[in-house]
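Per-entry structural report
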Amino acid sequence: MLSRVGETLYWVSRYIERAENVARLINVNNLLMMDLPKGICTGWEPLIDIIGVRKAYSENHTDFTEQKALRYLLVGSDNSSSILNSITSARESARTIRDVIPRDVWEEINSLYYYVKDNQKEGITKRGRFDYLKKIIDSAHQIFGALDATINHDQGYVFIRFGSIIERADMTSRILDIRSATLITNEEKVKPFDNIQWISLLRSLSAYQMYRQEMGVRVQRADVIEFVMHSKVFPRSILFCMNELKALVLPLPNSTEIIKSIDDAIIELENKDVRVLKNGLLHDFIDEIQIDLAGIHNGLAETYFLKQAEQ
């Protein structure tokens, strides 16, 4: 496979996954603000931090009001990770490889782009926001489902899956890092509404129902961190994603160095007692995970994307 095509498939997948993740984050944050008393919820500022754009946001905004933050997250032209920009990037990338991806997938990406672009006002308003975001999430699921069912499961499919999984692991680590920062307290000083916020963290990952199946009905700090980081069966846990990345790259040629990077990250993650991590210790460990993910991405790019295609 041409390295250009593999790289394009990888980024189409990452952009779609990113748009879906941001849409879910906004929906769950909206519900959290309704569940918590006024003055308790941290508002929209954490979402800017989760997607890593605080510096860029602060260049043009002086506060984190709902309207400003939402517009920036949904359709901000100066935000490369906004839903509209992510879908636009996915569409433009997919357009260059229309002969590689199934026609139904291209049409769904194209339709999603026009929906997001033409219905921006619905996403900003309280009345239309839920349906607007649900459409984005459902369309992303449909795109990935169609790819799984209709594209050849060859090397191109490996890059599609790799892109979505590495984006998912990165977002899981970011959500856990930012959301837990205001929640982790000494056991003797548990805040009255922490339970609601831990549930919100799980729902940001569509993890609440699966958490209860694996960990029990009670939602508590140590169990949530353990589940989100160490679950071997939940597809958005960091360890699950790492194992999936390894399984995907194993059949590829020249993958020895990438496999070693993934193995090192898995060993580091498995050997850490994440249940006891609090405050800065959890943040520091998540930083290490994000560095590992960046290294895995760079290894993939240097091995398969930056070389000239063999003649």
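The following refers to the structure shown. Quantities reported herein were computed from a predicted structural model and do not represent experimental measurements.

**With respect to the pattern of salt bridges**
This model, assessed by the stated rule, comprises 20 salt bridges. Between Arg 103 and Glu 107 there is a salt bridge whose closest N-O contact spans 2.9 Å. With Arg 103 and Glu 107 both in helix H6 (residues 103–118) and four residues apart, this pair spans about one turn of that helix. On the basis of relative accessible area, Glu 107 is assigned to the partly exposed category, the value being 35%. Taken together, the shared-partner salt bridges connect Glu 17, Glu 20, Arg 24, Arg 168 and Arg 236 into one network.

**Notes on the side chain of Arg 24**
Mapping Arg 24 onto the fold places it in helix H1 (residues 3–35). Owing to a relative accessible area of 6%, Arg 24 belongs among the buried residues under this scheme. Side chain to side chain, Arg 24 and Asn 21 meet in a polar contact 3.3 Å long. For Arg 24, the residues in contact, after removing those within four places along its chain, are Ile 137, Arg 203, Ser 204, Leu 205, Ser 206 and Arg 236.

**A few points about the packing of helix H13 (residues 238–249) against helix H14 (residues 256–270)**
Running from N to C, H13 and H14 cross one another at 160°; their axes reach a closest spacing of 10 Å. The angle between H13 and H14 falls in the class roughly antiparallel. H13 and H14 meet at a crossing whose hand is left-handed. Every residue of H14 that contacts H13 at Ile 238, Leu 239, Met 242, Asn 243, Leu 245, Lys 246 and Val 249 is listed here: Ile 258, Ile 259, Ile 262, Asp 263, Ala 265, Ile 266, Leu 269 and Glu 270. For the contact of H13 with H14, the residue count by class is 11 nonpolar, one polar and three charged.

**Focus on unusual backbone geometry**
One non-glycine residue, Ser 206, lies in positive phi territory at about 50°. Residue position: Ser 206 is located in the loop between helix H10 (194–204) and helix H11 (208–215). For Ser 206, a relative accessible area of 45% corresponds to the partly exposed category. Phi is positive for Asn 254, which is not a glycine, with a value near 60°. Residue position: Asn 254 is located in the loop between H13 and H14. With relative accessibility at 60%, the residue Asn 254 sits in the exposed group.

**Some points on the packing of aromatic side chains**
For the structure on display, the rule yields 11 aromatic pairs. Ring geometry for Tyr 10 versus Trp 11: centroids 5.3 Å apart, planes at 85°, classification edge-to-face. Using a relative accessible area of 0% as the deciding quantity, one classes Tyr 10 as buried. Judged by centre distance (5.4 Å) and plane angle (55°), the rings of Tyr 10 and Phe 305 are tilted. With Tyr 10 in helix H1 and Phe 305 in helix H15 (residues 279–305), the pair connects residues that are 295 residues apart, well separated along the chain. Overall, Phe 305 belongs to the buried group, its relative accessible area being 5%. Ring pairs connect the aromatic residues Tyr 10, Trp 11, Tyr 15, Phe 159, Tyr 304 and Phe 305, which therefore count as one cluster.

Cut-off values and rules
Residues numbered from 1 in each chain as written. Predicted model: local features only at pLDDT ≥ 70, side-chain atom pairs only at ≥ 80, totals over all residues. Heavy atoms only, no water. Salt bridge = Lys/Arg side-chain N within 4 Å of Asp/Glu carboxyl O. Helix = DSSP H or I, 4+ residues; strand = E, 2+ residues; numbered from the N terminus. Buried < 20%, exposed > 50% of the residue type's maximum accessible area, 1.4 Å probe, protein only. Polar contact = N/O pair within 3.5 Å; in protein donor to acceptor, adjacent residues only side chain to side chain. Contact = heavy atoms within 4.5 Å. Axes fitted to C-alpha atoms, helices over the stretch in contact; angles between N-to-C directions. Parallel < 35°, antiparallel > 145°, perpendicular 65-115°, else oblique. Left-handed = near helix turned anticlockwise from the far one by under 90°. Nonpolar A, V, L, I, M, F, W, Y, C, P; charged D, E, K, R; others polar. Phe/Tyr/Trp six-rings, centres within 6.5 Å; stacked < 30°, edge-to-face > 60°.

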